[in-house]
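Fold and contact review
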Amino acid sequence: MHLDQKLILDSCFEISIEFPNSAPFKCKTRVVRCEECPDTAGKDFYSVSLEFELMDEVKQATLLGVVSDLIALNEKNKKR
């Protein structure tokens with residue numbers, strides 16, 4: 001993702017991801033990459049990668065289901 005603030009590598013925190021037609025998905029993450037992006041508009045932006053911390057099987061299945069549905073919807077819209 002892209003953020004307007006720098007995150008410290010290996011820092012951990014909880015995030016909430018909002019998917020269409022679904023309850024917010026909350027999980028714990030760890031920062032694995034944070035690189036400054038080229039300045040194009042006078043603002044600092046950072047490209048950030050997060051790693052999900054271990055989650056139980058129910059949370060994994062929920063996330064997989066939501067992401068699978070979004071991929072299928074995207075593929076369907078491409079065919080139009």
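Residues numbered from 1 in each chain as written. Predicted model: local features only at pLDDT ≥ 70, side-chain atom pairs only at ≥ 80, totals over all residues. Heavy atoms only, no water.

1. Here's the deal with the pairing of strand E4 (residues 46–52)
Quick note on the threshold: When DSSP finds two or more bridges between two strands, those strands count as paired. Strands here are runs of E lasting at least two residues and helices are runs of H or I lasting at least four, both read from the DSSP assignment and numbered beginning at the N terminus.
Note: strand E1 (residues 2–3) against E4, two bridges, orientation antiparallel. In the strand pairing of E4, Leu 3 is matched with Tyr 46.

2. What to know about the packing of aromatic side chains
This is how it is decided: Put simply, two rings from Phe, Tyr or Trp (the six-membered ring, in Trp's case) pair if the centres are within 6.5 Å, and we call them stacked under 30 degrees between planes, edge-to-face over 60, tilted for the rest. Look at NZ for Lys and CZ for Arg. If either is within 6 Å of the ring centre and within 35 degrees of the ring normal, a charge sits over the ring.
Per the counting criterion, the structure on display carries zero aromatic pairs. Positioned above the aromatic ring of Phe 25, the side-chain terminus of Lys 59 is 5.3 Å from the ring centre.

3. Side note on helix H1 (residues 57–78)
A turn of α-helix holds 3.6 residues, and therefore any two residues three or four places apart point the same way. To keep things clear, this is the line we draw: To estimate the expected span of a helix, subtract one from its residue number and multiply by 1.5 Å. As used in this structure description, the phrase polar contact means that two N or O atoms lie within 3.5 Å; if the pair is within protein, one of them must be able to donate a hydrogen and the other to accept it, and residues adjacent in sequence are counted only when both atoms belong to side chains.
The end-to-end C-alpha separation of H1 is 31 Å, in line with the 32 Å expected for 22 residues at 1.5 Å each. At the N-terminal end of H1, a side-chain oxygen is found 3.1 Å from the backbone nitrogen of Val 58, two or three residues along, and the residue is Asp 56.

4. Remarks on the side chain of Thr 29
Quick note on the threshold: Per-residue accessibility, obtained with a 1.4 Å probe over protein chains only, is compared with the maximum for each type, and a residue is labelled buried under 20%, exposed over 50%, and partly exposed between these values. Only heavy atoms matter for contacts: two residues are in contact if any of them lie within 4.5 Å across the pair.
Tracing the chain through its elements places Thr 29 in strand E3 (residues 25–36). In this structure Thr 29 comes out as buried when scored by relative accessible area, which is 0%. Those residues in contact with Thr 29, other than ones at most four positions away along the chain, are Ser 11, Cys 12, Phe 13, Ile 15, Leu 50, Glu 51, Phe 52 and Glu 53.

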